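Topology and contacts: notes
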Amino acid sequence: AQKITQTQPGMFVQEKEAVTLDCTYDTSDQSYGLFWYKQPSSGEMIFLIYQGSYDEQNATEGRYSLNFQKARKSANLVISASQLGDSAMYFCAMREGRRRDDKIIFGKGTRLHILP
Amino acid sequence: DTEVTQTPKHLVMGMTNKKSLKCEQHMGHRAMYWYKQKAKKPPELMFVYSYEKLSINESVPSRFSPECPNSSLLNLHLHALQPEDSALYLCASSLNSVGDGTQYFGPGTRLTVL
């Protein structure tokens, strides 16, 4: 079974609209971390936002927020006021357990296209 | 500063060549990672170094040989590669024993094996 599921292979959104990218995860660990990364066509993986499993508040970083619903095992990324530069591949990822140097598991990604 | 640097940016090599990829970070991170990414796929973990010791090898073929000479530097030595090894190779680092385990990635090396 997939540990990280991103059900939207591609999305087209009008500039300045808000965007929600879906991510569900599967783990039996109590301690885990959830990440979102952005990968433009240049290839670099850019860290966007982190949510710890014990964090009670949803994480926010500028225009990015993570809608964390623990009971539903959902960690959707919300981008407010989208910009043309937001066009990229977006990966949801999870680290299980307490070890900080352990591997993180990536979803298959969502390709986001922002339309002018 | 969350910068991880990788050299070279692009590499073309024949199947009999020996080459090396280099990754460097000066953030005081003690865990470093190598990933392989094929087009339109997520990154796949290859190796993890923790405190300069190899802690995870994801059953990578021996034609890929990692090396961590010090806490800031990570190399990936390549020998007798196959055309299917052509991919984007990403290096990452994380703080390790403290922090949330966020991995910071370099810009990658695009490798083509002829």
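The structure displayed is predicted, hence computed values, not measured ones.

Turning next to the interface of chain A and chain B. The interface of chain A with chain B comprises 20 residues on the first partner and 29 residues on the second. Interface area for chain A against chain B, summed over the two sides, is near 1,800 Å², with a carbon-plus-sulfur share of 55%. The interface formed by chain A and chain B includes one salt bridge. Of the charged contacts in the structure, one is a salt bridge between Glu58(B) and Lys103(A), with a shortest N-O distance of 3.1 Å. Viewed at the interface, chain B and chain A are joined by four residue pairs in polar contact (both at pLDDT 80 or more). Elements with a minimum of two residues in the side of chain A that touches chain B: strand 5 (32-39), strand 6 (46-52), strand 10 (88-96) and strand 11 (104-106) of chain A. Here the side of chain A that touches chain B gets three residues from one element, more than from any other, and that element is strand 5 of chain A.

Moving on, we come to unusual backbone geometry. Residues other than glycine predominantly adopt negative phi, and peptide bonds predominantly adopt the trans conformation. Residues and elements named next belong to chain B. Cis geometry is found at the peptide bond from threonine 7 to proline 8, where omega equals -10 degrees. Within the secondary structure, proline 8 is located in the loop between strand 1 (4-7) and strand 2 (10-13). Phi at lysine 40 is positive, roughly 65 degrees, even though this residue is not glycine. Here lysine 40 is to be found in the loop between strand 4 (31-37) and strand 5 (44-50). The exposure class assigned to lysine 40 is exposed, which follows from its relative accessible area of 77%. Residues other than glycine seldom take positive phi values, yet glutamate 52 does so here, at roughly 65 degrees.

Residues and elements named next belong to chain A. Inspection of the entire model under this criterion finds two disulfides over all chains. What pairs with cysteine 23 in a disulfide is cysteine 92, and their sulfur atoms sit 2.0 Å apart. Between cysteine 23 and cysteine 92 the sulfur-sulfur dihedral comes to about -65 degrees; the bridge is accordingly left-handed. Placement of the pair is cysteine 23 in the loop between strand 3 (19-21) and strand 4 (24-25) and cysteine 92 in strand 10, with a sequence separation of 69 residues.

To continue, consider the pattern of salt bridges. Inspection of the entire model under this criterion finds seven salt bridges over all chains. With a closest N to O distance of 3.9 Å, Glu24(B) and Lys22(B) form a salt bridge.

What follows concerns the nonpolar core. Counting 25 residues, the largest nonpolar core has Val19(A), Tyr25(A), Trp36(A), Ile49(A), Leu77(A), Tyr90(A) and Leu112(A) as its most contacted members. Every element with two or more residues in this core is listed here: strand 2 (10-14), strand 3, strand 5, strand 6, strand 8 (64-69), strand 9 (74-79), strand 10 and strand 12 (110-115) of chain A. Of the residues forming this core, the biggest block, four residues, is contributed by strand 10 of chain A. Setting aside anything within four residues of it in sequence, one finds Val19(A) in contact with Met11(A), Val13(A), Leu77(A), Val78(A), Ile79(A), Ser82(A), Leu112(A) and Ile114(A). Counting 23 residues, the second largest nonpolar core, distinct from the first, contains Leu21(B), Phe64(B), Tyr89(B) and Val113(B).

Okay, the environment of Gly106(B) next. Take Gly106(B): it is sitting in the loop between strand 10 (104-105) and strand 11 (109-113). The buried category is assigned to Gly106(B), whose relative accessible area is 0%. When near neighbours in sequence (up to four residues on either side) are disregarded, Gly106(B) contacts Glu44(A), Met45(A), Val4(B), Gln6(B), Leu90(B) and Cys91(B).

All names here are of chain A. With respect to the helices and strands, threonine 27 occurs in the loop between strand 4 and strand 5. Polar contacts involving the side chain of threonine 27 include one to the side chain of glutamate 96, which spans 2.7 Å. The contact partners of threonine 27, leaving out residues within four places of it in the chain, are Tyr32, Lys73, Met94 and Glu96.

This paragraph deals with the pairing of strand 4 of chain B. All names here are of chain B. Counting buried residues in strand 4 gives seven out of seven residues, a clear majority hidden from the surface. With burial as the criterion, each face of strand 4 is covered, one bearing Ala31, Tyr33, Tyr35 and Gln37 and the other bearing Met32, Trp34 and Lys36. Summarising the sheet, strand 4 and strand 5 pair through six bridges and their orientation is antiparallel. Looking at strand 5, one finds that alanine 31 is bridged to serine 50. With antiparallel pairing between neighbouring strands as the criterion, strand 4 and strand 5 make up a hairpin whose turn holds six residues, including lysine 40 at a positive phi of roughly 65 degrees. In this structure, strand 4 lies alongside strand 9 (residues 87-94), joined through seven bridges in antiparallel fashion.

About the thresholds
- Residues numbered from 1 in each chain as written.
- Chains lettered and ligands numbered in written order.
- Predicted model: local features only at pLDDT ≥ 70, side-chain atom pairs only at ≥ 80, totals over all residues.
- Heavy atoms only, no water.
- Contact = heavy atoms within 4.5 Å.
- Buried area = accessible area lost by both parts, 1.4 Å probe.
- Salt bridge = Lys/Arg side-chain N within 4 Å of Asp/Glu carboxyl O.
- Polar contact = N/O pair within 3.5 Å; in protein donor to acceptor, adjacent residues only side chain to side chain.
- Helix = DSSP H or I, 4+ residues; strand = E, 2+ residues; numbered from the N terminus.
- Buried < 20%, exposed > 50% of the residue type's maximum accessible area, 1.4 Å probe, protein only.
- Disulfide = S-S within 2.5 Å.
- Core = buried A, V, L, I, M, F, W, Y, C linked by side-chain atoms within 4.5 Å.
- Pairing = 2+ DSSP bridges.

Scope: geometric values only; no functional claims are made or implied.
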